[in-house]
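Structural overview for review
Listed here are the chains, written in short residue letters.
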Amino acid sequence: MADGTLPRTDPSPAPGDDYLERRTLRRGSAGPLLLTGLGVAYVVSGDFSGWDAGLSEGGFGGLAIAAVLMGLMYTCLVFALAELSAILPTAGGGYGFARRALGTWGGFLTGTAILIEYILAPAAIALFIGEYVESLNLFGLESGWPVYLACFAIFIGIHLWGVGEALRFSLVVTAIAVVALVIFAGAALTEFSAGSLDDIPVDHGAFGANSWLPFGVLGIWAAFPFGMWFFLGVEGVPLAAEETRDPARTLPKAMAAAMGILLLLALVTFVAACGARGSAAVASAGDPLVEALQPDGKATVWSRIVNYAGLAGLVASFFSLIYAGSRQLFALSRAGYLPRFLSLTSRRKAPYLGLLVPGALGFGLAAWSEDGARMLNVAVFGATISYALMALSHIVLRRREPELDRPYRTPGGVLTSSVAFVLACSALVATFLVDKDAAFIALGVYAVALAYFAFYSRHRLVAAAPEEEFAALAAAEAELSRD
């Protein structure tokens, strides 16, 4: 239509000529270093805690295999997303890719799944930050809503200041956390003992159980969600596409670099922690790296350093996940899938409502629930759905549009994205083995969102949005080829 929207079923006004001008991000703010730092920042808190619960599901061997498989899934997914982001470098990220490959329903399903991950995860991390602040006795504060509110207010404020400033802050905090992980590995490996790795008691009633797989073969599958903790969030790098210098070249390089760093950190952190203290002791610890450096229960210089750095890691992930959630919300809103006012940007080109509204939701969830583990399980469920749909989008576009201009091509092509798809589906099913309630909560949120889309927003999509134009171009080309 001439007004730049898809056909409508209500008399509400169409977007004006300045619609996209009022929804513009700051171009060229991020280069390779900042984007690599962003990819690591999304994930780094998972190296400090969370993964250790997988030892109680699969033992050392089960979690090790799960982590390898999840590392393979993320590596394949990152390569697939690198190709897709070079084709369509917009803030829509996964939603934009799925929109072209799977239609409006596929785009909305993918974008909603990503939002579930990026709204729930910061809320959970805010709770963990509160626990760290209390355990470290910082300023005499106790974990509670004032700490959660301070987290959201301070860090959203930095994002409102500007994306360049926000990403530089994230890079500094992430660097502190990574240096601390290197220090941890050096200290822990001096106490390493291979005999400590398989010290979890064996459940002889489990099929295939042994000292390395104390909970049997099924324990490998149950440990999938915890193997994801070493990499969860790295797929969010393409959401910075509209704020990146030369995204078609920069995004693939930054994503590959971030994934390489995360794989190395996962290996040394996991093996060093379990080998220094024993898998049984680490499995029951809320702060496994600190526990690994305190064999007699007494704090050491190294454990104190790692303890404070754990807070830095949480801050880095919290801060970067807020960024990712705001950009996904911005893109869905700009295209009309969610209320359009949420994509308005400030004079500093920050999507202020896209930051404030999810922040308010996250703070409310943190203050009301105070169950960080449950919220992270819900986030993981949403993440696995989005992974499967994004991998499927790569497969569909390779099959349907082989001649599409691809500045970067995924090594292995469809085989690579197929591996990611199969493993993502397996991880999705595994979430039901760990926390069925969290999975059904996520499905409930999904149902509400789909009802909103089915009965309201799908009739009010904005064709001028970049992701919608990209999909419309494909439809026009297909129609011409039929003629």
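A quick note: this is a predicted structure, and the numbers were derived from the prediction, not measured.

What to know about helix H14 (residues 372–400)
With 29 residues, H14 ought to run about 42 Å at 1.5 Å a step, and its terminal C-alpha atoms sit 42 Å apart, in line with that. Within H14, 24 of the 29 residues are buried, which leaves the element mostly enclosed by the surrounding structure.

Some remarks on empty space enclosed by the protein
Considering all chains together, one arrives at four cavities of 30 Å³ or more under this definition. Roughly 170 Å³ of internal volume is contained in the largest cavity. Ser45, Gly46, Ile125, Leu232 and Leu376 are the residues nearest the centre of the largest cavity, which is lined by 16 residues in total. A total of four residues in the lining of the largest cavity trace back to one element, the largest contributor, which is helix H4 (residues 94–135). Looking at side-chain class alone, the lining of the largest cavity contains 10 nonpolar, five polar and one charged residues. If you add up the space inside the second largest cavity, you get close to 80 Å³. Forming the walls of the second largest cavity are 13 residues, and the residues nearest its centre are Tyr118, Pro122, Ile322, Pro358 and Gly359. For the lining of the second largest cavity, the secondary-structure elements that each account for two or more residues are H4, helix H12 (301–334) and helix H13 (352–369).

Re the state of the cysteines
As enumerated under the stated definition, the model contains zero disulfides in all. Unpaired in this structure, Cys425 has its nearest cysteine sulfur neighbour in Cys76, at a distance of 14 Å.

Brief notes about the environment of Glu401
Looking at the element boundaries, Glu401 is found in the loop between H14 and helix H15 (414–434). Measuring from C-alpha to C-alpha, the distance between Glu401 and Ala101 comes to 9.3 Å, with 300 residues separating the pair along the chain.

Some thoughts on the pattern of salt bridges
Taken as a whole, this structure holds 11 salt bridges when the rule is applied. A salt bridge links Glu243 to Arg327; the shortest N-O distance between them is 2.7 Å. Residue Glu243 is located in the loop between helix H8 (224–227) and helix H9 (247–277), and its partner Arg327 is located in helix H12; the two are separated by 84 residues in the primary sequence. Taking relative accessible area as the criterion, Glu243 reaches 1% and is therefore assigned buried. For Arg327, a relative accessible area of 2% puts it in the buried group. Glu291 is the salt-bridge partner of Arg277, the closest N and O atoms lying 3.0 Å from each other.

Looking at a nonpolar patch on the surface
On the surface, a nonpolar cluster with roughly 350 Å² of combined accessible area is contributed by Leu218, Trp221, Val429 and Leu433. At the level of secondary structure, the elements contributing two or more residues to the nonpolar patch comprise helix H7 (218–222) and H15. Along the chain, the position of Trp221 falls in helix H7. We classify Trp221 as partly exposed; its relative accessible area is 32%.

With respect to the layout of surface pockets
When its volume is computed, the largest pocket comes out at roughly 690 Å³. Elements supplying a minimum of two residues to the lining of the largest pocket: H4, H12, H13, H14 and helix H16 (436–455). Of the residues contributing to the lining of the largest pocket, the split by class is 22 nonpolar, two polar and one charged. Quantified by volume, the second largest pocket comes out at close to 470 Å³. Forming the boundary of the second largest pocket are 20 residues, of which Ser49, Gly50, Phe128, Glu131 and Gly286 lie nearest the centre. Here the lining of the second largest pocket gets four residues from one element, more than from any other, and that element is H4.

A look at the packing of aromatic side chains
Here the structure, examined in full by the defined rule, presents 22 aromatic pairs. Ring geometry for Trp105 and Phe453: centres 4.9 Å apart, planes at 90°, overall edge-to-face. Placement of Trp105 in helix H4 and of Phe453 in helix H16 is noted, with a sequence separation of 348 residues between them. Three or more aromatic residues joined by ring pairs form one cluster here, namely Trp51, Phe60, Tyr74, Trp212, Phe230, Phe231, Phe270 and Tyr387. The cationic tip of Arg460 hangs over the ring face of Tyr456; the distance from NZ or CZ to the ring centre is 4.0 Å.

Some details on unusual backbone geometry
In this structure, Asn137 is a non-glycine residue whose phi angle is positive, near 55°. Its place among the elements puts Asn137 in the loop between H4 and helix H5 (145–161). Notably, Lys349 is not glycine yet its phi reads approximately 65°, a positive angle. Structurally, Lys349 is set in the loop between H12 and H13.

Reading the values: rules and limits
- Sequence positions are assigned chain by chain, starting from 1 and proceeding in written order.
- The predicted nature of this model means local features are confined to residues of pLDDT at least 70 and side-chain atom pairs, given and counted, to a pLDDT of 80 or more, with totals for whole chains, interfaces and linings taken over all residues.
- Hydrogen atoms and water are omitted, and side-chain values are computed over all heavy atoms in the structure.
- A helix here means a DSSP run of H or I that spans at least four residues, while a strand means a run of E at least two residues long, and both kinds are numbered starting from the N terminus.
- The span expected for a helix works out to 1.5 Å for each residue beyond the first.
- The classification of residues rests on relative accessible area computed with a 1.4 Å probe and restricted to protein chains. Under 20% of the type maximum is buried, over 50% is exposed, and intermediate values are partly exposed.
- Of the two site types, the cavity is a set of points on a 1 Å grid over the protein atoms alone where a 1.4 Å probe fits but cannot get out, and the pocket is an open set with protein on both sides within 12 Å along at least five of seven lines, each lined by residues with an atom within 4 Å of a point.
- Grid points are joined across faces, edges and corners, and a volume is the space filled by probe spheres set on the points.
- Ten residues, namely Ala, Val, Leu, Ile, Met, Phe, Trp, Tyr, Cys and Pro, are considered nonpolar, four, namely Asp, Glu, Lys and Arg, are considered charged, and the remaining ones, Gly among them, are considered polar.
- By definition, disulfides here are pairs of cysteine sulfur atoms that lie within 2.5 Å.
- We define a salt bridge as a contact between a side-chain nitrogen of Lys or Arg and a carboxyl oxygen of Asp or Glu at a distance within 4 Å.
- Patch rule: a residue counts if its relative accessible area is over 30% and it has no salt bridge; like charges are joined within 9 Å, and nonpolar side chains (Val, Leu, Ile, Met, Phe, Trp, Tyr) within 5 Å.
- Residue exposure ignores everything except the shown protein chains as possible cover, and the areas themselves are Shrake-Rupley values with a 1.4 Å probe.
- Any pair of Phe, Tyr and Trp rings, taking the six-membered ring for Trp, is counted once the centres come within 6.5 Å. Such a pair is stacked with planes under 30 degrees apart, edge-to-face with planes over 60 apart, and tilted for the rest.
- Working rule: Lys NZ or Arg CZ, within 6 Å of ring centre, within 35 degrees of ring normal, means a charge sits over the ring.

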